[in-house]
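Chain residues, written in single-letter form:
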Amino acid sequence: MFNFLKDKVKSAISSFTKKFEEEAEPVKIAKEEKLPEKVQEEAREILAEKKPSKKEIVKEKKEPPKKEELKEEKKGLFSKIAQTITTKKISSAQFDALFWDLEVELLESNVAFEVIEKIKEDLKKNLVDTPLKRGEVEKIIQESLKQSIEEVLDFPHFDFIKKVKEKKPFVIAFLGVNGSGKTTSIAKIAYLLKKNNLSCVLAAADTFRAASIQQLEEQGNKVGVKVIKHDYGSDPAAVGFDTVKYAKQKGIDVVLIDTAGRQHSNSNLRDEMKKIIRVVQPDLKLYIGEMIAGNDCIDQIKDFDEAINIDGVILSKADIDEKGGTAISVSYVTKKPIYFIGIGQELADIKVFDKKEIIQSLLP
Ligand code: GDP
């Protein structure tokens, strides 16, 4: 899933590092004490190890140097050694120019502008006007990137099964645009619940398209769970209401409600969606977004959230998304956690979103 982004980041880091080495300016050393402590230490170590040459020994035997001369020589040597181990530093303007390549690679990989800005600012703090040793730059970039992505993905852990056990029936509404994978994700969640010995019932509340009622029934049959449906064109809020009533009567643990795929710009469907939410009062409102949609997916989440305040996201089609940037951008931009990622078309093809795994597979 992240191979594309990983390769891009890797090549951008190495080109950044190379250019840094070429373009950064050597640090001018005025006084020993101005050197970073680490560099001073290394210079002292080198000096301590430095054995006098034969010529120096002969000279020393002939005529021992005066105390001041020794001190002077030692200081000059110290600066020289320090100069070679303290390599270079770059200015803010140089950094901006250097970051350009990495920025383009990240944008092409569907990383949102806001996330790129954060990565840039963090990296800037770690690199600009800091004397850096040769060979140290690449490591600093990698560590800074890791830290930024960790912060970008920093949302509380969500235990789905524990959560749904809090209430009976626990009602979940699935929302999103057509084709994003809503029906498939409902079936996957139903299957996950079944594996955890929790019963569920599906509500065919997408009455806007006849095919979607049939599609949900097919998925319900696959998992072996009941689907409550009304006629095509009937009131979706009524379907949701009836399904919750059915679950209460039968002691069913979870209700999963399919809704019509809609664009927020369609005000009829938007009002209809608000009505379902008002009538059914779901415990969880999940947005199903396609990972391959990139920034469109983020914009849609923002729109739905504005209309009905969603709780979290399932990112579908991670298995066919080569870029990967959406996964690290969605939560940071929308402030909504990603609970699951869809990784295929089969019932078991769903995974809990794991920050550590994402970082590991993302960074070189
Ligand atoms: P809906 O219109 O939102 O209900 O979308 P569907 O559930 O019908 O899914 C649309 C298409 O995407 C179907 O062909 C699904 O098999 C496919 N799909 C859904 N989730 C995934 C996924 O995680 N990976 C892949 N590769 N395909 C998926």
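Details of the structure are given in the entry above.
Residues numbered from 1 in each chain as written. Predicted model: local features only at pLDDT ≥ 70, side-chain atom pairs only at ≥ 80, totals over all residues. Heavy atoms only, no water.

### A closer look at the overall build of the chain
The number of helices and strands found in the chain is 15 helices and ten strands. When burial is assessed residue by residue, the chain has 48% of its 364 residues classed as buried. Considering only contacts in the chain between residues 6 or more positions apart, those separated by 24 or more positions represent 80%. Split by element, the accessible area of the chain, about 19,100 Å² in all, is 49% carbon and sulfur. (Helix = DSSP H or I, 4+ residues; strand = E, 2+ residues; numbered from the N terminus. Buried < 20%, exposed > 50% of the residue type's maximum accessible area, 1.4 Å probe, protein only. Contact = heavy atoms within 4.5 Å. Areas by Shrake-Rupley, 256 points an atom, 1.4 Å probe, with all protein chains shown as cover.)

### Brief notes about the packing of helix α12 (residues 267–280) against helix α13 (residues 295–308)
Helix packing geometry: the angle between the two helix axes and the distance between the axes. Two numbers describe how α12 lies on α13: the axes approach to 10 Å, and their chain directions differ by 55°. Considered as vectors, α12 and α13 are oriented oblique to each other. Helix-helix and strand crossings are classified by hand; for α12 and α13 the assignment is right-handed. Across from Arg 270, Met 273, Lys 274 and Ile 277 in α12, the residues of α13 making contact are Phe 304, Glu 306, Ala 307 and Ile 308. A breakdown of the residues in the contact of α12 with α13 according to their chemical character gives five nonpolar, no polar and three charged. (Axes fitted to C-alpha atoms, helices over the stretch in contact; angles between N-to-C directions. Parallel < 35°, antiparallel > 145°, perpendicular 65-115°, else oblique. Left-handed = near helix turned anticlockwise from the far one by under 90°. Nonpolar A, V, L, I, M, F, W, Y, C, P; charged D, E, K, R; others polar.)

### Some remarks on the sheet that holds strand β4 (residues 200–205)
Paired through their backbone hydrogen bonds, the strands of a sheet run either parallel or antiparallel. Read across the open sheet, the eight strands follow the order β5-β4-β6-β3-β7-β8-β9-β10; overall the sheet is mixed. Strand pairing shows two members of the sheet lacking a second neighbour, β5 (227–228) and β10 (350–352), which therefore form its edges. When β4 meets β5, the two strands line up parallel, connected through two bridges. Note on β5: the bridge partner recorded for Ala 203 is Ile 228. Sitting on the sheet, helix α9 (residues 182–195) touches β3 (170–175), β4, β6 (254–259), β7 (284–290), β8 (312–316), β9 (338–342) and β10, and the angle it makes with β6 is about 170°. (Pairing = 2+ DSSP bridges.)

### Describing the nonpolar core
Leu 127 and Leu 315 are the most contacted members of the largest nonpolar core, which has 57 residues in total. Setting aside residues up to four positions removed in sequence, Leu 127 forms contacts with Phe 16, Ile 90, Phe 95, Leu 132, Val 137, Ile 140 and Ile 141. (Core = buried A, V, L, I, M, F, W, Y, C linked by side-chain atoms within 4.5 Å.)

### Some remarks on the site of the ligand
Residues in contact with the ligand amount to 16 residues; listed here are only the nearest, Gly 179, Thr 183, Thr 184, Gln 215 and Gln 345. The contact in question runs from an oxygen atom of the ligand to an N or O atom on the backbone of Gly 342, over 3.4 Å. Within the complex, the protein chains bury 82% of what would otherwise be the 580 Å² of accessible surface of the ligand. At four residues, α9 tops the list of elements feeding residues into the shell around the ligand. Along the lines of polarity and charge, the residues of the shell around the ligand split into two nonpolar, ten polar and four charged. (Near = heavy atom within 4 Å. Polar contact = N/O pair within 3.5 Å; in protein donor to acceptor, adjacent residues only side chain to side chain.)

### Here we look at the pairing of β7
Within β7, six of the seven residues are buried, leaving the element largely enclosed by the surrounding structure. Where β3 and β7 come together, four bridges link them in parallel fashion. Its bridge partner lying in β7, Ile 172 is registered against Leu 284. Taken together, the five bridges between β7 and β8 define a ladder with parallel strand orientation.

### Concerning unusual backbone geometry
Cis geometry is found at the peptide bond from Lys 168 to Pro 169, where omega equals -10°. Of note, Pro 169 is situated in the loop between α8 (160–164) and β3. The residue Asp 129 is not glycine, and still its phi comes out positive at about 60°. Checked against the element boundaries, Asp 129 lands in the loop between α6 (113–127) and α7 (137–152). One non-glycine residue with positive phi stands out, namely Asn 309, at about 55°.

### Some remarks on the packing of aromatic side chains
For the coordinates displayed, the defined rule picks out six aromatic pairs. For the ring pair Phe 95 and Phe 99, a centre distance of 5.7 Å and an interplane angle of 25° mean the geometry is stacked. Separated by four residues within a single helix, Phe 95 and Phe 99 lie in helix α5 (residues 92–108), roughly one turn from each other. Each ring, one from Phe 155 and one from Phe 353, has its centre 5.9 Å from the other, and the planes form 25°; the classification is stacked. You can see Phe 155 sitting in the loop between α7 and α8 and its partner Phe 353 sitting in the loop between β10 and α15 (355–362), a full 198 residues away along the chain. On the accessibility criterion, Phe 353 (9% relative accessible area) is buried. Every member of this aromatic cluster is reached through a ring pair, and the members are Phe 158, Phe 160, Tyr 339 and Phe 340. (Phe/Tyr/Trp six-rings, centres within 6.5 Å; stacked < 30°, edge-to-face > 60°.)

### Quick notes on the pattern of salt bridges
Enumeration according to the criterion identifies 16 salt bridges in this entry. For Asp 122, the salt bridge is made with Lys 125, and the minimal N-O distance between the two is 4.0 Å. With a gap of three residues between them, Asp 122 and Lys 125 both fall in helix α6, about one helical turn apart. Judged by its relative accessible area of 13%, Asp 122 falls in the buried class. When its relative accessible area of 65% is taken as the criterion, Lys 125 is described as exposed. In this structure, Glu 290 and Lys 317 form a salt bridge, with 2.7 Å as the shortest nitrogen-oxygen distance. With Glu 290 in strand β7 and Lys 317 in the loop between β8 and α14 (325–334), this pair connects stretches of sequence that are 27 residues apart. (Salt bridge = Lys/Arg side-chain N within 4 Å of Asp/Glu carboxyl O.)

### Re the side chain of Glu 105
Within the secondary structure, Glu 105 sits in helix α5. A residue is classified by how much of its surface remains accessible, and Glu 105, at 19% relative accessible area, is buried. When near neighbours in sequence (up to four residues on either side) are disregarded, Glu 105 contacts Lys 8, Ser 11 and Ala 12.

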